[in-house]
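# Understanding the architecture of this molecule
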Amino acid sequence: MDTRMQKDIKLINHLKEIRQSRSELTQESLANRVDCTRQTIIALEQNKYNPSLILALRIAKELNVSVNDIFEIEIIETK
């Protein structure tokens, strides 16, 4: 009998909160600044898409925060 716990990893992001704290920054303007589509920003904010490392770094640089301020992982142990 296998008693090892499986670990699921969930990526949590705070992009929407950080972006909205900068009142002038719309989804469209952020997308333009980081060279992606508005739909990508929407998907990120809704946790429906995990960004590439390059996109995560571009977003962090544009928002003047660390990648860790935007994205974090949650490890969920399941049987």
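Residues numbered from 1 in each chain as written. Predicted model: local features only at pLDDT ≥ 70, side-chain atom pairs only at ≥ 80, totals over all residues. Heavy atoms only, no water.

### Remarks on the overall build of the chain
Applicable threshold: Counting from the N terminus, the helices are the DSSP runs of H or I reaching at least four residues and the strands are the DSSP runs of E reaching at least two. With the radius of gyration taken over C-alpha atoms, the globule rule is written as 2.2 Å times the number of residues to the power 0.38. For every residue, the accessible area (1.4 Å probe, protein chains only) is compared with the maximum for its type, and the residue is labelled buried under 20%, exposed over 50%, or partly exposed between those bounds. Two residues qualify as a contact provided that any one of their heavy atoms is within 4.5 Å of a heavy atom in the partner residue. Per-residue accessibility takes into account occlusion by the displayed protein chains alone, with areas from the Shrake-Rupley method and a 1.4 Å probe. Asp and Glu count as negative and Lys and Arg as positive, but His and the ends of the chain are not part of the count. One atom stands in for each charge, and that atom is NZ of Lys, CZ of Arg, CG of Asp or CD of Glu.
For the chain, the helix and strand inventory stands at five helices and two strands. Listing each helix as α and each strand as β along the chain from the N terminus yields β-α-α-α-α-α-β. Computed over its C-alpha atoms, the radius of gyration of the chain comes to 15 Å, more than 25% above the 12 Å expected for a compact globule of 79 residues. Per-residue burial for the chain yields a buried fraction of 29% across its 79 residues. Taking the contacts inside the chain whose residues are at least 6 apart along the sequence as the reference set, 61% of them involve residues at least 24 apart. About 5,800 Å² of surface is accessible on the chain, with carbon and sulfur atoms providing 47% of the total. Charged side chains in the chain number 12 positive and 12 negative. The centres of these two groups are separated by 2 Å.

### Brief notes about the side chain of Glu 45
For Glu 45, the position within the fold is in helix α3 (residues 38-45). With residues near it in sequence (within four places) discarded, Glu 45 still touches Asn 13, Leu 15, Lys 16, Arg 19 and Gln 27.

### Brief notes about helix α4 (residues 53-63)
Selection rule: The directions from the helix axis to the C-beta atoms are what the arc is built from.
Among all positions of α4, only Leu 55, Ala 56, Ile 59, Ala 60 and Leu 63 are buried. For α4, the arc enclosing every buried residue in end-on projection is 135°, short of the 170-degree limit, so these residues lie on one face. In α4, those exposed residues whose orientation departs by more than 90 degrees from the buried face are Leu 53, Ile 54 and Lys 61. In the segment just after α4, Asn 64 is the residue with positive phi, at about 60°.

### Describing the pattern of salt bridges
Note the following rule: The salt bridge definition used is simple: a Lys or Arg side-chain nitrogen within 4 Å of an Asp or Glu carboxyl oxygen.
Applying the stated criterion across every chain yields a total of two salt bridges. Note that Arg 19 and Glu 45 form a salt bridge whose closest N and O atoms lie 2.6 Å from each other. With Arg 19 in helix α1 (residues 15-20) and Glu 45 in helix α3, this pair connects stretches of sequence that are 26 residues apart. As far as burial versus exposure is concerned, Arg 19 and Glu 45 are alike and both buried.

### Remarks on the packing of helix α2 (residues 27-34) against α4
Inclusion rule: All axes here are fitted lines through C-alpha atoms, helices being fitted over the stretch that makes contact, and every angle between N-to-C directions spans 0 to 180 degrees. Less than a right angle of anticlockwise turn of the near helix away from the far helix marks a crossing as left-handed, whereas a clockwise turn marks it as right-handed.
Relative orientation of the contacting elements α2 and α4 amounts to 115°, with a least axis distance of 9 Å. Once α2 is placed against α4, the crossing between them reads as right-handed. Judged by residue contacts, Leu 30, Arg 33 and Val 34 of α2 engage Leu 55, Arg 58, Ile 59, Glu 62 and Leu 63 from α4.

Any functional reading would require information that these geometric values do not contain.
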